[in-house]
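Residue strings, one per chain:
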Amino acid sequence: MNDKILKTIDELFTEYQFTIPNYQRSYAWEEAQLDLFVEDLRHQLKTQTTDVKKPYFIGTLLLHSKYNQYSYPAVDVVDGQQRLTTTLIFIATALKEHAEIEDYEFIQSNYICHPERGQKFKTIEKDRNLFRSTILSIDSVDEVPDSQSSQKLIFARDYFRQHVKLDEWQPMITQLREAQVLAYVIDDLSTATQIFEFQNDRGKKLTNLEAVKSFLMHNVHLNSKSASEEKLDSIHSHFESIFRDIEELSTYPRTPGEDSILSYHCAAFLPWTDNEYLQPKKLIKNQINAIEDKGPEAIINWINSFISNLKKSYKNVLTIYKGMDELIEFTHLVILNRLAPFWPLLIKTYHADNSNNKVKFRKACHLMEIFSLKAYGLANLRSNAGNSHLLWIAKKFDSSDQNWGYEWLFEELSNMSSWWDIPKRMKANIQSPNFYNNSKQSALYILWRYENYLRSGGNNQNQWSKLSWRDIVIPKNNAEKLSLEHIAAQNNELSKHIVSWDVDDEAEFKDIALHRLGNLVLDSISSNSSKKDHDFNTKWQKLSESSTYLSQGELKRFISPETKIWDIAAIKNRQITLTQFIEKEWN
């Protein structure tokens, strides 16, 4: 270890060449951390007006010295990379925004690009070209940000451009250059791992996943008699894969967070009681303690197996989202947007299904979708109903055990759809005059499915290309987003007419029929707004004429030939058709 650990930023950049290794998380700071970074500088400058000698300490760096290049120490940043990257973004932005920065040539050579030694600070590989050109301005090529982290690098640069005043650049740069850090330069990765386990990085708090990574690496170090560097490199390789998958996963809609996936994995694959799976590090520590008497090799083997399976879980979640166009049963769950209670089971069943087309996983998804729609969407049960049983199913499911395999799983999921009087509650809600207010999200999903049923040739319709899940979840723009349309308009004067749904119930149309399932139809937001609140007869005709939606075009078949208007009878007729569709599709 280097004897002098308290250094200024100037000393660090004059002495070392930095690289963020690929096993590290990519750049992650957002507005909250950037705001704190700038405010820290302002506060320190204000403090020094009364106490010039007061030092500015900005944190701890853990550096792994791997090799020398041209007698010039090169280090990997093991901890502190978010703050160090931000510091360099700030300095590079200052050089570009304010040409009169003092010691411009020194800063350019020692922070940005040395004339002999080249680029002084490199990010993880996938962001390296953009960082070099767009942030450091070493190359003149404009790189397109193709990842979340590269977008955040550019956001940080633009944030500083917008929030740092022209007269602040020089004093802030001077302050940063003189700022002090505790820089631990370690020759071997094992020692670096041990130190990392006992310190926190200033800025964004460690996620549960990062804390678990540190804890596992520390335990590998403690239990390794030899070749610990190789074993730690292997763990780094696994987590490099995990972090890259997390970053790619963030580009998809309605995905679970990284810590959630960790908890879901623990719930699915580790023994737990109560809510232990929600504290992964503690649960893992208990698992390691339980095998401590078996010796160091057993602990290392357990850790390697856990990390390998954990990597597979992150990879599988990403693969599932990549395959949403083919895994339509899973996509239905995404549209319903109540995925959280199902994730441990989704991860475990996908992991266990070795078939190319994932037949068993898809069937499990379909049964989960039925329960989700019926229980949460139509029976309006509380959001945590069934959660404990779903967790228990995920815990017990074992595809290699005849008693706890797929057939048992399918039966358990099927049975859940009849619990808590779900069929009775569901039927009452579907027939409710307040169905629209009770179940908007589910109504939209049902009518989307009904439209696609018609487009596949149902009800003797010609086959059309089906609507995509993207039209609900990630439409191209708000105007094209699918929505619900009232066939009989909400604000039309005729909605105040007294009508009767059953023999002995009379009330205003708006109270007894307006929000019924039979009076709702699928539409886009732009198309919906163009129809406005026409009278009942004009409205259904406008919906039917040359509509791109088959469910709108068929409205005329529900109209009585005698009345030729959209009335209670028409709504009842359509409600019967839609109810029969629900019973058939989600039996």
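About the cut-offs
Residues numbered from 1 in each chain as written. Predicted model: local features only at pLDDT ≥ 70, side-chain atom pairs only at ≥ 80, totals over all residues. Heavy atoms only, no water. Helix = DSSP H or I, 4+ residues; strand = E, 2+ residues; numbered from the N terminus. Buried < 20%, exposed > 50% of the residue type's maximum accessible area, 1.4 Å probe, protein only. Contact = heavy atoms within 4.5 Å. Lys, Arg positive; Asp, Glu negative; His and termini not counted. Charge placed at Lys NZ, Arg CZ, Asp CG, Glu CD. Salt bridge = Lys/Arg side-chain N within 4 Å of Asp/Glu carboxyl O. 1 Å grid on protein atoms, 1.4 Å probe; cavity = no way out; pocket = protein on both sides within 12 Å on 5 of 7 lines; lining within 4 Å. Points joined across faces, edges and corners; volume = space filled by probe spheres on them. Nonpolar A, V, L, I, M, F, W, Y, C, P; charged D, E, K, R; others polar. Axes fitted to C-alpha atoms, helices over the stretch in contact; angles between N-to-C directions. Parallel < 35°, antiparallel > 145°, perpendicular 65-115°, else oblique. Left-handed = near helix turned anticlockwise from the far one by under 90°. Core = buried A, V, L, I, M, F, W, Y, C linked by side-chain atoms within 4.5 Å. Polar contact = N/O pair within 3.5 Å; in protein donor to acceptor, adjacent residues only side chain to side chain.

What the chain contains, in helices and strands, is 27 helices and 12 strands. The principal-axis extents of the C-alpha atoms in the chain amount to approximately 95 × 65 × 45 Å. The buried share of the chain, taken over its 587 residues, is 54%. The long-range fraction of contacts in the chain, counting pairs at least 24 apart against all pairs at least 6 apart in sequence, stands at 71%. Placing the 70 positive and 78 negative side-chain charges of the chain at their respective mean positions leaves the two points 4 Å apart.

A complete count under the given rule lists 25 salt bridges for this structure. Residues R42 and E168 are paired through a salt bridge, measuring 2.7 Å at the closest nitrogen-oxygen approach. Of the two residues, R42 is situated in helix α2 (residues 31-47) and E168 in the loop between α6 (148-163) and α7 (169-178); the sequence distance between them amounts to 126 residues. Residue K510 pairs with E508 through a salt bridge whose shortest N-O separation is 3.2 Å.

Looking at the element boundaries, I261 is found in helix α11 (residues 258-269). C-alpha of I261 to C-alpha of K213: the two residues are 48 residues apart in sequence and 14 Å apart in space. Every residue in contact with I261, bar those within four places of it in the chain, is listed here: L249, P256, Y314, V317 and I347.

So, on to helix α18 (residues 406-416). Here α18 has its buried residues at Y406, W408, L409, F410, E412, L413 and M416. For α18, the secondary structure elements touched by its buried residues are α15 (343-352), α16 (359-378), α17 (387-396) and α19 (422-430).

Below, the discussion takes up unusual backbone geometry. Of note in this structure, D103 is not a glycine but carries a positive phi near 55 degrees. Of note, S137 is a non-glycine position whose phi angle comes to about 60 degrees, a positive value.

Here we take up empty space enclosed by the protein. Within this structure, the stated rule accounts for 2 cavities of 30 Å³ or more. If you trace the largest cavity, you find 11 residues lining it, with I58, L61, G80, R83 and V181 closest to the centre. Of all the elements in the fold, those that place two or more residues in the lining of the largest cavity are β3 (57-69) and α3 (81-97). It is β3 that provides the largest number of residues to the lining of the largest cavity, a total of 4 residues. Here the lining of the largest cavity is composed, by residue class, of 5 nonpolar, 4 polar and 2 charged. For the second largest cavity, the calculated volume is near 40 Å³. Around the second largest cavity sit I20, R25, S26, Y27, Q81, T85, T123, I124, D127 and L153, which together line it. Partitioned by chemical class, the residues of the lining of the second largest cavity number 4 nonpolar, 4 polar and 2 charged.

The next subject is the packing of α11 against helix α13 (residues 296-322). For the pair α11 and α13, interaxial distance at closest approach is 10 Å and the crossing angle is 120 degrees. Our classification of the angle between α11 and α13 gives oblique. Between α11 and α13 the crossing geometry is right-handed. Contacts from E258, I261, L262, H265, C266 and F269 in α11 reach F306, N309, L310, S313, Y314 and V317 in α13.

F306, F330, W343, L346 and L409 are the most contacted members of the largest nonpolar core, which has 104 residues in total. The residues contacting F306, other than those within four sequence positions of it, are V212, L216, L262, H265, C266, L270 and I284. Judged by nonpolar contacts, the second largest core, of 50 residues, contains I9, I58, I91 and F121.

Once that is clear, we can look at the environment of Y445. Along the polypeptide, Y445 turns up in helix α21 (residues 440-455). The spatial distance from the C-alpha of Y445 to the C-alpha of W29 is 36 Å, given a sequence separation of 416 residues. Reaching out from Y445, the side chain makes a polar contact with the side chain of R449 at a distance of 2.6 Å.

Before going further, it helps to examine the side chain of N429. Considering the arrangement of structural elements, one finds N429 in helix α19. Take N429: its relative accessible area is 6%, and that puts it in the buried class. Excluding residues that lie within four positions of it along the chain, N429 makes contacts with G377, L378, N380, F435, N438 and S439.

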